[in-house]
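One letter stands for each residue in the lines below.
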Protein chains: 2
Amino acid sequence: MLGKKRISESTIHRLSLYYRALSVLEKDNYDTVSSKELARREKLTPAQVRKDLSFFGSFGTRGLGYPVKELKTQIAGILGIDRTWRVALVGIGNIGSALVSYKEFSRQGFQIVKLFDNDQRKIGSNHKGIVVSDIRNLQQELSDAKIEVVIVAVPATVAQYIVDDIVNAGIKAILNFAPVNLKVPDDVYIRHENMSMELEYLSFAMVNNHAQKRVRA
Amino acid sequence: MLGKKRISESTIHRLSLYYRALSVLEKDNYDTVSSKELARREKLTPAQVRKDLSFFGSFGTRGLGYPVKELKTQIAGILGIDRTWRVALVGIGNIGSALVSYKEFSRQGFQIVKLFDNDQRKIGSNHKGIVVSDIRNLQQELSDAKIEVVIVAVPATVAQYIVDDIVNAGIKAILNFAPVNLKVPDDVYIRHENMSMELEYLSFAMVNNHAQKRVRA
DNA sequence: ACGGCTATGTGAAAAGCTTCACAAAAGAAG
DNA sequence: CTTCTTTTGTGAAGCTTTTCACATAGCCGT
Ligand SMILES: NC(=O)c1ccc[n+]([C@@H]2O[C@H](COP(=O)([O-])OP(=O)(O)OC[C@H]3O[C@@H](n4cnc5c(N)ncnc54)[C@H](O)[C@@H]3O)[C@@H](O)[C@H]2O)c1
Ligand SMILES: NC(=O)c1ccc[n+]([C@@H]2O[C@H](COP(=O)([O-])OP(=O)(O)OC[C@H]3O[C@@H](n4cnc5c(N)ncnc54)[C@H](O)[C@@H]3O)[C@@H](O)[C@H]2O)c1
């Protein structure tokens with residue numbers, strides 16, 4: 001354990017699943033949970049669960065399982081969600097508006113505190129208590145509001161320009177909803193949310209009458 | 001080539017990326033494209049592009065590259081998006097409303113033709129020309145409308161019940177937005193869209209000051 | 001017609017990830 | 001205190017995916 005090995009993307013994604021399952025177990029007043037039960041709840045294997053956790057330490061008790069509350073806290077620490085992150089959202093259209101209202105984000109520590117758009121009819125309007133700012137003040141306001149993460153929900157055609165500005169403002173983490181690959185420097189983390197991709201996977205599975213199935217997303 | 005090997009999930013996801021890049025290349029009037037250029041546009045390696053495509057056939061010309069229009073058509077065939085799929089959407093709330101308005105879906109052949117909710121204020125209302133149906137008529141109307149894919153955008157607490165009904169109606173493909181693992185029979189394909197997961201990945205990368213970076217989504 | 005050049009297609013090697021299987025730890029029971 | 005049962009933690013094996021590297025195919029210019 002605790003060697004400085006590189007942790008795979010899949011392992012991190014599964015930690016999110018464990019965290020989610022542990023939240024449910026905690027609410028249902030479970031004290032401990034076995035790797036077997038955790039695996040069952042997220043459709044994984046017990047060995048996978050144990051191996052993933054073992055990269056970060058020994059959290060369980062042999063013969064008993066993992067302490068629910070404590071493991072949840074540990075995973076929160078590993079994922080960096082044992083704190084709040086200040087988030088801004090650019091593009092208050094269909095998907096942007098939905099995201100502002102999404103309570104799960106703030107529950108996980110991602111607090112949307114700034115909104116930006118370039119549409120005069122939207123600038124100045126109020127969404128969930130946040131007034132939409134003019135995109136022209138992006139850099140200044142990102143900096144003033146100490147934003148650490150920016151969610152991009154603008155049309156694909158302008159996404160690269162917006163991202164360039166975000167990068168110039170010193171932001172190091174971006175979640176992009178536009179269906180386009182975006183260039184960012186090596187020290188900036190960018191992730192893409194691509195819903196067509198999942199529908200296309202379903203389509204592929206159907207036309208190929210796949211026998212196997214994989215879950216995730 | 002063309003052996004009946006199992007194709008990996010990653011390969012299918014990358015086909016979606018190639019398809020997207022080819023759409024841009026086609027619009028910009030490119031006749032051919034090399035694996036190198038295709039790779040550059042989606043931040044992959046040329047070898048990866050060639051290997052992925054080789055699972056399905058030989059589409060390129062040595063010394064020249066791939067014919068843009070033809071490769072796009074081929075990939076559409078492989079993914080099963082050279083046709084239209086009839087899609088229903090359950091849960092016309094924040095995210096559901098955004099999805100109805102998302103033109104990219106129909107452009108890829110996924111036509112949302114039915115909407116369902118259980119809220120009396122929403123039932124009967126019109127979204128982009130589609131009238132919201134009562135969830136109580138789900139099974140009958142899914143069948144009557146010959147729906148093949150259902151998108152689930154209801155609260156996590158009721159998602160399993162909704163999915164059970166969908167499965168009983170004979171649907172074999174589901175795209176789920178609720179942050180919960182859902183049980184379905186082995187012959188039903190289900191994919192999960194989990195936005196918190198991507199934010200948590202960003203958070204992990206930031207607190208662990210990761211040197212590496214991965215893209216996808 | 002032919003040589004040069006470029007970029008594919010693909011086995012083989014390397015890297016990465018998952019599963020196996022078991023020793024060891026710890027609580028429970030007597 | 002000892003034995004029994006349960007379930008962790010983890011090397012090693014097995015499997016999958018990616019990368020390498022090169023023979024080969026086919027355009028293009030002369
Ligand atoms: N609607 C969906 O369900 C959905 C799903 C997945 C991805 N997406 C992607 O998300 C993005 C937004 O989609 P949408 O449906 O919300 O579109 P939309 O047109 O409703 O919203 C886009 C918003 O961005 C704003 N905008 C445009 N140019 C801007 C600029 N230069 N600076 C600041 N703001 C600007 C617009 O004023 C608008 O409010 C698109 O890239 C789309 O492909 C949408
Ligand atoms: N809002 C977001 O940006 C976002 C992002 C990712 C995931 N999600 C997930 O998507 C789901 C919906 O989120 P939302 O923000 O749109 O919530 P919402 O409350 O705005 O919408 C939920 C809709 O489902 C309907 N509904 C409730 N019970 C139903 C039932 N039994 N049958 C039919 N319809 C029913 C409600 O009437 C409502 O219209 C949730 O699971 C949420 O976690 C939302």
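How each quantity is defined
- Starting afresh in each chain, residues are numbered from 1 along the sequence in its written order.
- Chains and ligands are labelled sequentially in the order written, the chains with letters from A and the ligands with numbers from 1.
- Confidence filtering applies because this is a predicted model: local features only for residues at pLDDT of at least 70, side-chain atom pairs given and counted only at 80 or more, and all residues used for totals across whole chains, interfaces and linings.
- By convention in this description, side-chain values take in all heavy atoms of the structure and omit both hydrogens and water.
- Strands are runs of DSSP state E lasting at least 2 residues, helices are runs of H or I lasting at least 4, and numbering of each runs from the N terminus.
- Relative accessible area decides the class of each residue, using a 1.4 Å probe on protein chains only: under 20% of the type maximum gives buried, over 50% gives exposed, and in between gives partly exposed.
- For the charge count, each Lys or Arg is scored as positive and each Asp or Glu as negative, with His and the chain ends excluded.
- To locate a charge, take atom NZ for lysine, CZ for arginine, CG for aspartate or CD for glutamate.
- A least-squares fit on C-alpha atoms brings the copies together, and the residues used are those whose pLDDT is at least 70 in both copies.
- Pairs of residues are marked as contacts when any of their non-hydrogen atoms sit within 4.5 Å.
- In short, DSSP must find at least two bridges between two strands for them to pair.
- We call a residue near a molecule or strand whenever a single non-hydrogen atom of that residue lies within 4 Å of it.
- Any pair of nitrogen or oxygen atoms within 3.5 Å is treated as a polar contact; in protein, a donor-acceptor pairing is required on top of that, and neighbouring residues in sequence qualify only through side-chain atoms on both sides.
- The Shrake-Rupley method, run with a 1.4 Å probe, gives the accessible areas here. Residue values count only the displayed protein chains as cover.
- Each residue gets one of three labels, nonpolar for Ala, Val, Leu, Ile, Met, Phe, Trp, Tyr, Cys and Pro, charged for Asp, Glu, Lys and Arg, and polar for the others, Gly among them.
- The domain limits used here are those given by an automatic or database domain assignment.

1. Comments concerning the overall build of chain A
Broken down by element type, chain A carries 9 helices and 9 strands. Across its three principal directions, the C-alpha atoms of chain A cover 60 × 45 × 35 Å. The buried share among the 217 residues of chain A stands at 53%. Measuring between centres, the 31 positive side-chain charges of chain A sit 6 Å from its 23 negative side-chain charges.

2. Considering the relation of the copies chain B and chain A
Least-squares fitting of chain B to chain A yields an RMSD of 0.1 Å, with the transformation described by 0.0 Å of translation along the axis and a rotation of 180 degrees. In short, the pair behaves as if placed about a two-fold rotation axis. Taken together, the interface assignments show that 100% of the residues at the interface of chain B recur at the interface of chain A, consistent with an identical surface on both copies.

3. Concerning the sheet that holds strand 9 (residues 189-192) of chain A
Residues and elements named next belong to chain A. Spatially, 5-6-4-3-7-8-9 is the arrangement adopted by the 7 strands of the open sheet, whose pairing is mixed. The open sheet is flanked by strand 5 (126-127) and strand 9, the only strands paired with a single partner. Two strands pair when backbone bridges link them, and strand 5 and strand 6 (residues 130-134) are joined in this way by 2 bridges, in the antiparallel orientation. Bridging from a neighbouring strand, Asn126 pairs with Val131 of strand 6.

4. Comments concerning the site of ligand 1
All names here are of chain A. In the vicinity of ligand 1 lie 23 residues, with Asn94, Ile95, Asp117, Lys122 and Val154 positioned nearest. Here Gly93 contributes a backbone N or O atom positioned 3.5 Å from an oxygen atom of ligand 1. The side chain of Lys122 places a nitrogen or oxygen atom 2.7 Å from an oxygen atom of ligand 1. Coverage of ligand 1 by the protein amounts to 84% of the 810 Å² it exposes when considered alone. Considering each element in turn, the shell around ligand 1 owes the most residues, 3 residues, to helix 8 (residues 156-168). Within the shell around ligand 1, the residues separate by chemical class into 16 nonpolar, 4 polar and 3 charged.

5. A look at the protein's contact with DNA strand C
Around DNA strand C sit 24 residues in total, of which B:Ser35, B:Arg50, B:Arg62, B:Gly63 and B:Tyr66 are the nearest. Take the atoms of DNA strand C that sit within 4 Å of the protein: sugar and phosphate atoms are 66% of them. A distance of 2.9 Å separates a phosphate oxygen of DNA strand C from a polar backbone atom of B:Gly60. Listing elements by their share of the surface near DNA strand C, those giving two or more residues are helix 3 (46-54) of chain A together with helix 3 (46-54) of chain B. If one sorts the elements of the surface near DNA strand C by residue count, helix 3 of chain A sits on top with 4 residues.

6. Considering the pairing of strand 4 (residues 110-117) of chain B
Residues and elements named next belong to chain B. Along strand 4, 6 of the 8 residues are buried, which leaves the element largely enclosed by surrounding structure. Two strands pair when backbone bridges link them, and strand 4 and strand 6 (residues 130-134) are joined in this way by 3 bridges, in the parallel orientation. Directly across from Asp117, in strand 6, lies its bridge partner Asp134.

7. Comments concerning the domain arrangement of chain A
When the domains of chain A are assigned, the result is domain 1 (9-79) and domain 2 (88-196). Centre-to-centre separation of domain 1 of chain A and domain 2 of chain A, based on C-alpha positions: 32 Å.

8. A few points about the site of ligand 2
As a structural note, the neighbourhood of ligand 2 is formed by 23 residues, with B:Asn94, B:Ile95, B:Asp117, B:Lys122 and B:Val154 the closest of them. Here a nitrogen atom of ligand 2 and a backbone polar atom of B:Asn118 are 3.4 Å apart. One nitrogen or oxygen atom from the main chain of B:Ala156 is found 3.5 Å from an oxygen atom belonging to ligand 2. Here ligand 2, which alone exposes 820 Å², has 84% of that area covered by the protein. When contributions to the shell around ligand 2 are tallied by element, the ones reaching two or more residues are helix 5 (94-100) of chain A together with helix 5 (94-100) and helix 8 (156-168) of chain B.

9. Points about the pairing of strand 7 (residues 149-152) of chain B
Residue and element names in this part refer to chain B. On strand 7, burial covers both faces: Val149 and Ile151 on one face and Val150 and Val152 on the other are all buried. Taken together, the 4 bridges between strand 3 (residues 85-90) and strand 7 define a ladder with parallel strand orientation. For Leu89, the partnering residue across the bridge sits in strand 7 and is Ile151. Relative to strand 8 (residues 173-176), strand 7 is paired through 4 bridges, and the arrangement is parallel. In the sheet register, Val149 faces strand 8, and the bridge partner there is Ala173.

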